[in-house]
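Commentary on secondary and tertiary structure
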Amino acid sequence: MQVDAPLVSWILDDLTGWTQFVRLQNDVTLWLATWTGVTHGTVPSPFLFILYTSDFKHNSKSCHLKCSDDRYHGCIRGGRGGGGEDVETVQDYKYLGVHLNDKLDWTKNRDGVYKKDQSHLDFLQRLRSFSVCSMMSMFYQSVGAGCSTAVNDLVYIVDGSWSVGNTDFNKAKRWLVNITSRFDISSHYTQVGVVQYSDTPRLEIPLGMHQGESELIQTIESIPYLGGNTQTGRAIKYAVDHVFSSSQRAARVKNRIAVVVTDGKSQDDVVDASVEARAQGIIMFAVGVGSEITASELVSIANRPSSTYVLYAKDYTNINRIRDSMEQKLCEESVCPTRIPVASRDEKGFELIVGMNIQKKAQKIPGSLVSEAAYALSTSTDITEDTREIFPEGLPPSYVFVATLRLKGLSSMVTFDLWRVLSKDREMQAAVTLSGAENTITFTTTSTTDLEQRVVFRAGFQGLFDGRWHQVKLLVRPHQVTGFLDDQQIQEVTLEPVEPIYINGKTQVAKRRGGDATVPVEIQKLRLYCDPHQSERETACEIYSVDDERCPLNRTATVEEEEEEECNCVTGPPGPAGPPGPLGFVGEKGEKGGTGPPGSEANLDQFLEAAGVDRRDMSPCRKTRLGLGTKFGPGNLPLDRPTTGPAHHWTGPPLDRPTTGPAHHWTCPPVDRPTTGPAHHWTGPPMDRPTTGPF
């Protein structure tokens, strides 16, 4: 089998050659090597049931040694112990999965282990044929991502000195439980460790000891109060050297976080231990409770900036008031790995213009200020990226979405998603939708009861669609979202509970609602800040028209922006209607109309009366041509106009004649009149005549 000799020796000595003995008070039997076929620790030593020893076996074939947890039965003869009690003797017995017999024959155990290993090996081979690794990878990719599913090693370093007291220590434990409940406790996501310290640190919960939330919470609540002096620096060093270093998944853990909770000044130095912790990549939070704390010491412990990594509570009774802040900050560390340069500080968040490659794909144009660049997206610009590349750990529970943009032309009239996050199945998970037709903004997020939930801001955003630069800001919290336009609060709307997003889909910018067509839009800023307090610090000063006392005085507008400012174009009421315009060109000849309804004789009588003609004086021929009681033949069509030329102007009643072709045959005698010349103007009664030929 080409197995190394040392390995074979180890298998024989450690796995099979298991030395056993029996101790009775101060007496120890001879050692006996038993061939168990199982590793050490399977069955406690000495055996708790009948066991031959070489000593008894040598001296007596009928006397057996009986051991139990609490007493020794002595030599057993005839089914009775040394004290006369009845003792059952068996030849074979199974205890803790191990077969014991009176011959110390371990064949049954060896065969059982062999069969079980063969079964396991066969199972692993079958799993391999099913590509289980790929299946597991797909499974974890399909899990919603967020702070609860982040891969963290989180260690609480809790003050247990005399100044805390048992009552407040219990409140501190409850605070830890409340914060921990926000995370998914497992070997795949967050592992939690707890160190309590006073004079010396004590490891209460090792990292990875508990793989479930309920079990972890019970263990935290059962931690006994220690009492003693305050050696904070020593506790930090202990956590770095012995707790974080013991993690079984150090190679794949993404965040190592320590939270130090103390109520007073340390009696040893905290600087060196804290510097070493940060040097090893451990994120340090410091939570000070009560009035005896030293602010400078907390700042020395924590990461920078202290406004982010140092928290204060008035006392342990009020420590829950900073619970939400602590949860949010831990989540920020878990899901917001990047930083955005803002003024003199860096804010955790996502610079989407860079992350979505907008600066590479879109045309660069001047922004509202000379110092600001913007990017124009055209219909051919596709801003689509894998969500895993943009939000690798999902979205934080609270964040600030900020966009500075200009909507002109099509973008000011249609409905489109300025920013959206889609799942692999194209389900909407997060979106900011603008509608110029309705002058509204819609925010979409996940829901615990439905596929999604939408809230619509219906008032106050009309100015966004006027073709000028504006800033849209949405402050998103777990239970509400607040809308701002140019840093002015417009409306606050309640949200239902949300779920983490899936990161196996796409993130897109400026897409038609329900499709993938890009809407032309100009974008100057597109960011997502993880700290909700950034909403208070974020201004709209990058827009020249915004008048804010926090804006610098040396802002310089672009030429286009200055022209808009000088115009002072305020939209007023509609002006008066202008005069009628000139007549347009003659249109094309319309289609032939349908046959009209037959006229009435009453209308004809009125016509004849107006022409001074008495129906009674009319000849039968003329009556026929006028349709009075006789249908026309194909050659007798009524005519009420001249056929050609300006001379065919008749002032009398209409005449009847065929218009063209061989049907110019009249059944009544023709009337003589000139056919040509300017005298074809008749003032007398209407006459009937042919259109061509001699008189």
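Below, the structure is looked at part by part. Every value quoted in this text rests on a predicted model; they were computed, and no experiment measured them.

Rules of the game
- Residues numbered from 1 in each chain as written.
- Predicted model: local features only at pLDDT ≥ 70, side-chain atom pairs only at ≥ 80, totals over all residues.
- Heavy atoms only, no water.
- Helix = DSSP H or I, 4+ residues; strand = E, 2+ residues; numbered from the N terminus.
- Buried < 20%, exposed > 50% of the residue type's maximum accessible area, 1.4 Å probe, protein only.
- Contact = heavy atoms within 4.5 Å.
- Areas by Shrake-Rupley, 256 points an atom, 1.4 Å probe, with all protein chains shown as cover.
- Phe/Tyr/Trp six-rings, centres within 6.5 Å; stacked < 30°, edge-to-face > 60°.
- Lys NZ or Arg CZ within 6 Å of the ring centre and 35° of its normal.
- Polar contact = N/O pair within 3.5 Å; in protein donor to acceptor, adjacent residues only side chain to side chain.
- Salt bridge = Lys/Arg side-chain N within 4 Å of Asp/Glu carboxyl O.
- Pairing = 2+ DSSP bridges.
- Axes fitted to C-alpha atoms, helices over the stretch in contact; angles between N-to-C directions.
- Disulfide = S-S within 2.5 Å.
- Parallel < 35°, antiparallel > 145°, perpendicular 65-115°, else oblique.
- Left-handed = near helix turned anticlockwise from the far one by under 90°.
- Nonpolar A, V, L, I, M, F, W, Y, C, P; charged D, E, K, R; others polar.

When helices and strands are tallied, the protein shows 18 helices and 31 strands. The buried share among the 695 residues of the protein stands at 44%. A separation of at least 24 residues holds for 64% of the contacts in the protein among residues at least 6 apart in sequence. Carbon and sulfur atoms make up 53% of the accessible area of the protein, which totals about 38000 Å².

The next point concerns the packing of aromatic side chains. Evaluation of the coordinates by the stated rule reveals seven aromatic pairs. Considering the side-chain rings of Phe285 and Tyr309, the 5.0 Å spacing of their centres and the 50° angle between planes classify their relative orientation as tilted. Linking Phe285 in strand 13 (residues 282-289) with Tyr309 in helix 10 (residues 306-309), this pair joins segments that are 24 residues apart in sequence. Since its relative accessible area comes to 0%, Phe285 is described here as buried. Accessibility expressed as a relative area gives 1% for Tyr309, which makes it buried. Taken together, the ring pairs connect Phe350, Phe391, Phe401 and Trp419 into an aromatic cluster. Lys473 extends its terminal NZ or CZ atom over the ring of Phe484, reaching a point 4.7 Å from the ring centre.

By the element assignment, Gln471 lies in strand 25 (residues 469-477). Taking the relative accessible area as the measure of exposure, Gln471 reaches 0% and is therefore buried. For Gln471, the side chain forms a polar contact with the side chain of Glu542, separated by 3.1 Å.

Right, let's talk about the pattern of salt bridges for a bit. This structure, assessed with the given rule, holds 26 salt bridges. Of the charged contacts in the structure, one is a salt bridge between Glu385 and Lys361, with a shortest N-O distance of 3.2 Å. In this pair, Glu385 is assigned in strand 19 (residues 384-386) and Lys361 in helix 13 (residues 358-361), connecting sequence segments 24 residues apart. Here Glu385 falls in the buried class, since its relative accessible area comes to 17%. Ionic pairing is found between Asp487 and Lys473, a salt bridge with its closest N-O pair at 2.7 Å. Separated by 14 residues along the polypeptide, Asp487 in the loop between strand 26 (480-485) and strand 27 (488-494) and Lys473 in strand 25 bring together distant segments of the chain. The class for Asp487 is buried, based on a relative accessible area of 14%.

The next thing to look at is the sheet that holds strand 12 (residues 255-262). Strand order in the open sheet made by the six strands is 11-10-9-12-13-14, with mixed pairing throughout. The sheet is open, and its two borders are formed by strand 11 (201-205) and strand 14 (310-313), each paired with just one other strand. Pairwise comparison of adjacent strand axes, ignoring direction, gives a mean angle of 20° for this sheet. Sheet analysis places strand 10 (residues 191-197) next to strand 11, joined by four bridges and oriented antiparallel. From the neighbouring strand, Val194 faces strand 11, where its bridge partner is Ile205.

Quick look at unusual backbone geometry now. Put simply, Arg304 and Pro305 share a cis peptide bond, and its omega is 0°. Positionally, Pro305 belongs in the loop between helix 9 (295-301) and helix 10. A positive phi angle is found at Asp486, which is not glycine, with a value near 55°. Along the polypeptide, Asp486 turns up in the loop between strand 26 and strand 27.

Moving on to the sheet that holds strand 22 (residues 428-435). The six strands lie next to each other as 19-28-21-22-23-24, forming an open sheet whose pairing is antiparallel. Here the strands that pair on one side only, and so sit at the sheet edges, are strand 19 and strand 24 (453-457). With strand direction ignored, the average angle separating the axes of adjacent strands in the sheet is 10°. Looking at chain direction, strand 22 and strand 23 (residues 440-445) are connected through five bridges and run antiparallel. Within strand 23, the residue paired with Thr433 across the bridge is Thr442.

For the structure shown, the criterion picks out two disulfides. Covalently, Cys336 is tied to Cys530 through a disulfide, its sulfur atoms 1.6 Å apart. Looking along the S-S bond of the Cys336-Cys530 disulfide, the torsion reads about -95°, which is the left-handed sense. Placement of the pair is Cys336 in the loop between helix 11 (323-335) and strand 15 (339-342) and Cys530 in the loop between strand 29 (521-529) and helix 15 (534-537), with a sequence separation of 194 residues. When its relative accessible area of 0% is taken as the criterion, Cys336 is described as buried. Put simply, Cys541 and Cys551 are joined by a disulfide, and their sulfur atoms are 1.9 Å apart. Residues Cys541 and Cys551 are joined by a disulfide whose S-S torsion is about -90°; by sign, that bridge is left-handed. Residue Cys541 is found in the loop between helix 15 and helix 16 (559-567), and its partner Cys551 is found in the loop between helix 15 and helix 16; the two are separated by 10 residues along the sequence. A residue is classified by how much of its surface remains accessible, and Cys551, at 7% relative accessible area, is buried.

A word on the packing of helix 5 (residues 166-180) against helix 11. Between helix 5 and helix 11, whose axes approach to 10 Å, the crossing angle comes to 45°. Taken as axis vectors, helix 5 and helix 11 run oblique relative to one another. Considering only the axes of helix 5 and helix 11, their crossing is right-handed. Where helix 5 approaches helix 11, its residues Trp175, Asn178 and Ile179 are matched on the opposing element by Arg323, Met326, Glu327 and Leu330. In the contact of helix 5 with helix 11, the residues fall into four nonpolar, one polar and two charged.

Interhelical geometry of helix 5 versus helix 6 (residues 213-221) gives an angle of 165° and a closest axis separation of 9 Å. By the angle class used here, helix 5 and helix 6 are roughly antiparallel. Considering the relative orientation of helix 5 and helix 6, their crossing is right-handed. Here Lys173, Arg174, Leu176, Val177 and Thr180 of helix 5 come into contact with helix 6, specifically with Leu216, Ile217, Ile220 and Glu221. In terms of residue class, the contact of helix 5 with helix 6 is built from five nonpolar, one polar and three charged.

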